[in-house]
Structures are given as structure tokens and as C-alpha cells.
Amino acid sequence: MELVVHKSGDEVAAAAATLVAESIAATEGRFSLGLAGGTTPENTYQRLRELDVEWSQVDAWLGDERWVSPDSNRSNGHAAWTTLFGATTAAMHRPEWGQGIEPDDSAAGYGRLLRRIHAEKPGPDLVLLGLGADGHTASLFPGSKALGESHHWYVANEIPETHEMRLTATYPFFATAALIVFLVVGRAKAPALRDSLQQATPAGKVESALGHVLWCVDEEAASLVD
């Protein structure tokens, strides 16, 4: 685990965008890129639009998704598509959604898709993740059932506090990644970051068995870190 503190959120976004672009450039063949939702990753996606990236070799997929219409403003996939991927040649993969499709079935189908994408490699090349003020990442929320998943790569997960249904990647899948990059910005995230670095939150329990976990944060988020 590595912690890198930048002066501002803009610097976090710029550094993350550069890391993504350089990682893609350094990889032969297909590149698997996991996408996070939220404002901080969107800033990174906007920075990536300014860089010269070989998008045609990229398979982009969602670390989690709300169980909403694909064109909803609450959809992580919709945000990523409109912010960046609609203007690229990357293959962006989204969970199936529609009448008669249940969350469990959609998650299972997406899990099978992810296994096909990674059939010839151990796991993702790079995964971007965010951090909620409650310590969640992707849709691995405190007290939720998905925290105990030990086999499936992608599952439906009900959020205990709101009873909202979401789809999320799981610890076993994240553990196969070569590089996991957490993007954390703002003083409101400071307690969650402190606790996560002590492995006391769902985000803090994300590990890469085969690679590296990098926390890319700004000074406000790091204000409580010793």
C-alpha cells in the first residue's frame, strides 16, 4: 500500500489521468480498466480527454452501478460515457438492464463478461476506486451482504441504510488487479481515509494479491492521517 498526497483535487485528477494514460501505453494487447463513479473520477476522465491515449486497446468496465436506467443521471455508466468514453474508441462494458431482468441476473451476466475479458490475464490492469464518507468503495457498503462474498466477481448488493439495490465488483475480483488506485478528495473524506488506511472500513479491506494499492489523495483528505 502506498499513500501519495497532492496539494489539490485538480492535482489528484491530473496525476491519476497521467497514470492511466502511461499504463495503457506501456501495455501490449488489451488493457482492462475499472471505472469508479463520483465527482473525483469524473474530473480524472475529463483530464484524460486532453491526453493522447490508445483507447482502441481498452476494455473499460464499472466497479459498481446503481440499479437504474442506463440513461439516468444517477448511473455511473452514463456519467463515464458522457464524460469520456462516448468520445473514444474504447470498449465500454455496462451491465444489462431492462424489463424482466433482475439485479442478481444482471450481476451474474456481468461477472461472466468480466471473466471472458480476463480469460488470458490474471485480472484487471488498473482499477480506479473512490471512497465514501462512510468508508464504502464501489458499492461495498458497511454492513452489506457483498462484504462476505468469497467467490463471485460481481454481485447485486442491497444498501442497508437506504435499501437501494446496486451491482458491485467484489473483494475476490479486486484482489486480481495489477494496480488499484483510490482517488480521495476533500476534508469530508478525512475520517474515512484515516480509518481506511487502518483497514477499519470496507475500502480499507480492498487488497491486491497480485499487485499494488495506491491511495492518491489531496491535502484536505489527508489532514487526519498521522
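Parameters and conventions
- Residues numbered from 1 in each chain as written.
- Predicted model: local features only at pLDDT ≥ 70, side-chain atom pairs only at ≥ 80, totals over all residues.
- Heavy atoms only, no water.
- Pairing = 2+ DSSP bridges.
- Helix = DSSP H or I, 4+ residues; strand = E, 2+ residues; numbered from the N terminus.
- Axes fitted to C-alpha atoms, helices over the stretch in contact; angles between N-to-C directions.
- 1 Å grid on protein atoms, 1.4 Å probe; cavity = no way out; pocket = protein on both sides within 12 Å on 5 of 7 lines; lining within 4 Å.
- Points joined across faces, edges and corners; volume = space filled by probe spheres on them.
- Nonpolar A, V, L, I, M, F, W, Y, C, P; charged D, E, K, R; others polar.
- Salt bridge = Lys/Arg side-chain N within 4 Å of Asp/Glu carboxyl O.
- Buried < 20%, exposed > 50% of the residue type's maximum accessible area, 1.4 Å probe, protein only.

Trainee: How would you summarise the sheet that holds strand E4 (residues 64–66) if you had to cite specific residues and measurements?
Mentor: Taken in spatial order, the 3 strands line up as E4-E8-E7 in an open sheet, and their pairing is antiparallel. Looking at the sheet topology across the chains shown, the edges are occupied by E4 and strand E7 (154–158). This sheet shows a mean twist of 20° between the axes of neighbouring strands, independent of strand direction.

Trainee: Summarise the layout of surface pockets; cite the residues concerned and give the values.
Mentor: Approximately 390 Å³ is the volume attributed to the largest pocket. Taken together, 28 residues line the largest pocket, and the ones lying closest to its centre are Gly37, Gly38, Arg66, Asn76 and His136. Contributions of two or more residues to the lining of the largest pocket are made by helix H2 (39–48), E4, helix H3 (76–83) and strand E9 (179–184). In terms of residue count, the dominant contributor to the lining of the largest pocket is H2 (4 residues). Across the lining of the largest pocket, the residue classes break down as 10 nonpolar, 12 polar and 6 charged. By volume, the second largest pocket is sized at about 330 Å³. Together, 18 residues line the second largest pocket, and Glu149, His152, Tyr154, Val155 and Ala156 are the ones closest to its centre. Listing elements by their share of the lining of the second largest pocket, those giving two or more residues are helix H4 (103–117) and E7. At 6 residues, H4 tops the list of elements feeding residues into the lining of the second largest pocket. Split by residue class, the lining of the second largest pocket holds 8 nonpolar, 4 polar and 6 charged.

Trainee: Before we move on, can you summarise the pattern of salt bridges with the specific residues and values?
Mentor: Pairing is possible between side chains that carry opposite charge, provided their charged atoms lie close to one another. Applying the stated criterion to the full structure yields 6 salt bridges. For Asp59, the salt bridge goes to Arg30, with nearest N and O atoms at 3.1 Å. Of the two residues, Asp59 is situated in strand E3 (residues 58–62) and Arg30 in the loop between helix H1 (9–25) and strand E2 (31–35); the sequence distance between them amounts to 29 residues. Asp59 gets classed as buried once you look at its relative accessible area, which sits at 9%. Between Glu164 and Arg166 there is a salt bridge, with the nearest N and O atoms lying 3.2 Å from each other. You can call Glu164 buried: its relative accessible area is 19%. Among the charged side chains, a salt-bridge network with shared partners connects Asp64, Arg74, Glu164 and Arg166.

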